[in-house]
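Architecture at a glance
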Amino acid sequence: MSRRRSALFLGLAASAVSVSLLTATPAVADVFYLNSLKSAQGGYNHGYAAVGGSTAILEACDTGPGDSRRAVSIISTDSGGYYEVQDANGSGNGCVSDFFADAELIYSGLGYIMFSCIQNGSTGTPYNCTQRRGVVD
């Protein structure tokens, strides 16, 4: 009974986080998921981005088997904006997300690239990246 109650609580908590991210998403936004390439051990980043208006939401999720790597999601804008989140809490232990509001560096018509990568340590060089180009609505 206790396990069932704990699983229900975790499910409700995850739903609440998902709903809060959806309500924080800009009204008109480019929204997408982007997986990095896998590490030698099979771990990868399941990244998420929502970019619109003067805001961006960026998420990194360490996914797959444990590989001692970090999941890293990055948005780099044509105006020089650079936004990054890292999930360092281990494979399958949730995601890390952040909300960025920067009217000077995120604006309608601006081009950007979202990268989904893995990296060795907090200051390592991102690798096994995939990328997607977008334009802010």
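As the structure is a prediction and not an experimental result, all values here were calculated from the model. (Residues numbered from 1 in each chain as written. Predicted model: local features only at pLDDT ≥ 70, side-chain atom pairs only at ≥ 80, totals over all residues. Heavy atoms only, no water.)

Per-residue pLDDT for the protein averages 82, and the proportion of residues at 70 or more is 80%. Throughout residues 1-23 the model reports pLDDT below 50, and contacts reaching past four residues in sequence, or to other chains, amount to 3 contacts. (pLDDT = per-residue confidence, 0-100. Contact = heavy atoms within 4.5 Å.)

In space, the 4 strands of this open sheet follow the order β5-β4-β7-β8, with antiparallel pairing throughout. Of all strands in the sheet, those bounded by a partner on one side alone are β5 (82-87) and β8 (127-135). Geometrically, the sheet is characterised by an average inter-axis angle of 15° between neighbouring strands, direction not taken into account. (Pairing = 2+ DSSP bridges. Helix = DSSP H or I, 4+ residues; strand = E, 2+ residues; numbered from the N terminus. Axes fitted to C-alpha atoms, helices over the stretch in contact; angles between N-to-C directions.)

This model, assessed by the stated rule, comprises 2 disulfides. With a sulfur-sulfur separation of 2.0 Å, cysteine 61 is cross-linked through a disulfide to cysteine 95. The sign of the 110° torsion about the S-S bond sets the cysteine 61-cysteine 95 disulfide as right-handed. Linking cysteine 61 in strand β3 (residues 55-63) with cysteine 95 in strand β6 (residues 95-101), this pair joins segments that are 34 residues apart in sequence. With a sulfur-sulfur separation of 2.1 Å, cysteine 117 is cross-linked through a disulfide to cysteine 129. Every disulfide takes its handedness from the sign of the S-S torsion; for cysteine 117 and cysteine 129 that torsion is 115°, giving right-handed. Note that cysteine 117 is positioned in strand β7 (residues 111-119) and cysteine 129 in strand β8, a separation of 12 residues in sequence. Residue cysteine 117 is classed as buried on the basis of its relative accessible area, which comes to 0%. (Disulfide = S-S within 2.5 Å. Buried < 20%, exposed > 50% of the residue type's maximum accessible area, 1.4 Å probe, protein only.)

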